[in-house]
Amino acid sequence: MTPATKIGLSIAVATGLYAISYGALGVAAGLSLWQVMALSLLMFTGGSQFAFIGVLSGGGTPGAAFGAATLLGVRNAVYGMQIKAMLKPRGWKKLVAAQVTIDESTATAAGQQDPKEQERGFWVAGIGVYVLWNIFTVVGALLGDALGDPKAWGLDGAAVAAFLGLLWPRLKGGESIAIASVCALATVLAIPLVPPGVPILVAALIAGVWGYFGKGPATEGLEPDIEPHTSREDHS
């Protein structure tokens, strides 16, 4: 088993298990088992899925939830350009690669130096996460449905907590913390003034304008959520 394969498998297991919480929260937000499964099968990006159910659980419309999820999924398009240049997939592989291009598969590929290992790491991590994420989505949804009233267990606010858990590790610089703080304040101020789901779109607009006119690197905020693997040779 090569290093890229080991990394890809370990990441797949760790990430896949996290889908248990998504499945439970999706049911708590009012989605059916089939709807929760469809989001994992088709949308397949954790941050966007948590944003989607977070807006719904807060009383937002499906349109607002979809808008928030789409904004968070934009960076996968950037990953797609990186993977296309790195692996040069062709034919049916291009379609499959587009579906499994996420933080984890991109980071696993980018962390390898050998082209074959890059390709191997991408596919093992991407397909591994996709399969396990969908399996544990069903597990979480069934467990969440068995719990009964979500408010009795505090699951109505758990989507927000899960999303903050995804966001917090990305606040690594002064500017990113400032943007997050301003967006949070804008969200709080907008809540009593606009329909549910719209405040997060307001915050996203503010972040986008700030990012466009800001002084940070062009790729800031698009880094994979995990640190790419580095071998001993990388430090020599």
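In this text, all values refer to a predicted model and were calculated from it rather than measured experimentally.

(A) Representation of unusual backbone geometry within the structure. Residues other than glycine seldom take positive phi values, yet Phe44 does so here, at roughly 45°. Position of Phe44 among the secondary structure elements: in the loop between helix H2 (33-43) and helix H3 (46-57). Given the relative accessible area of 3%, Phe44 is considered buried. One non-glycine residue with positive phi stands out, namely Lys88, at about 50°. Under the relative-accessibility criterion, Lys88 is labelled exposed at 58%.

(B) View of the UniProt feature "transmembrane region" (unreviewed entry) in the protein chain. When the UniProt feature table is mapped onto this chain numbering, "transmembrane region" (unreviewed entry) sits at residues 7-30, 50-74, 122-144, 150-168 and 180-213. Spanning residues 7-30, this segment combines 92% helix with 0% strand, and its end C-alpha atoms are found 36 Å apart. Here residues 50-74 runs as 80% helix and 0% strand, with 15 Å between its end C-alpha atoms.

(C) Molecular detail of the packing of aromatic side chains. Going through the model one piece at a time under the given rule, you end up with five aromatic pairs. Both rings, one in Phe122 and one in Trp123, keep their centres 5.1 Å apart while their planes meet at 80°; by these two values the pair is edge-to-face. Judged on exposure class, the residue Phe122 and its partner Trp123 are both buried.

(D) Fine view of the pattern of salt bridges. In the structure shown here, the tally under the stated rule is two salt bridges. Among the salt bridges present, the one from Glu119 reaches Lys93, with a minimum N-O distance of 4.0 Å. A residue pair is termed long-range when its members are at least 10 positions apart, and Glu119 in helix H8 (residues 115-147) and Lys93 in helix H6 (residues 92-99) qualify at 26 residues. Glu119 sits in the partly exposed class, given a relative accessible area of 32%. Lys93 sits in the partly exposed class, given a relative accessible area of 33%. Arg120 is paired through a salt bridge with Glu117; the nearest N and O atoms lie 2.3 Å apart. Of this pair, Arg120 and Glu117 are both found in helix H8, three residues apart, which corresponds to roughly one turn of the helix. According to the relative accessible area criterion, Glu117 is buried, its value standing at 11%.

(E) Just the side chain of Ser40, in detail. By secondary structure assignment, the location of Ser40 is in helix H2. A polar contact is formed between the side chain of Ser40 and the side chain of Gln49, at a distance of 3.0 Å. Engagement of the side chain of Ser40 in a polar contact is seen with the side chain of Thr137, the distance being 2.8 Å.

(F) The side chain of Gln49, seen in detail. On the secondary structure map, Gln49 appears in helix H3. Excluding its chain neighbours within four sequence positions, the residues that come into contact with Gln49 are Tyr22, Leu39, Ser40, Met43, Phe44 and Trp133.

(G) Local environment of the confidence of the model for the protein chain. Looking at the protein chain as a whole, the pLDDT averages 79, with 77% of positions reaching at least 70. Confidence, read as mean pLDDT per element, is least for helix H10 (residues 158-167) in the protein chain (55) and greatest for H2 (94). Every residue in residues 228-236 scores below 50 in pLDDT, and together they form eight contacts with partners more than four places removed in sequence or on other chains.

Definitions and limits used
Residues numbered from 1 in each chain as written. Predicted model: local features only at pLDDT ≥ 70, side-chain atom pairs only at ≥ 80, totals over all residues. Heavy atoms only, no water. Helix = DSSP H or I, 4+ residues; strand = E, 2+ residues; numbered from the N terminus. Buried < 20%, exposed > 50% of the residue type's maximum accessible area, 1.4 Å probe, protein only. UniProt positions renumbered as here; feature names shortened; annotations may be inferred. Phe/Tyr/Trp six-rings, centres within 6.5 Å; stacked < 30°, edge-to-face > 60°. Salt bridge = Lys/Arg side-chain N within 4 Å of Asp/Glu carboxyl O. Polar contact = N/O pair within 3.5 Å; in protein donor to acceptor, adjacent residues only side chain to side chain. Contact = heavy atoms within 4.5 Å. pLDDT = per-residue confidence, 0-100.

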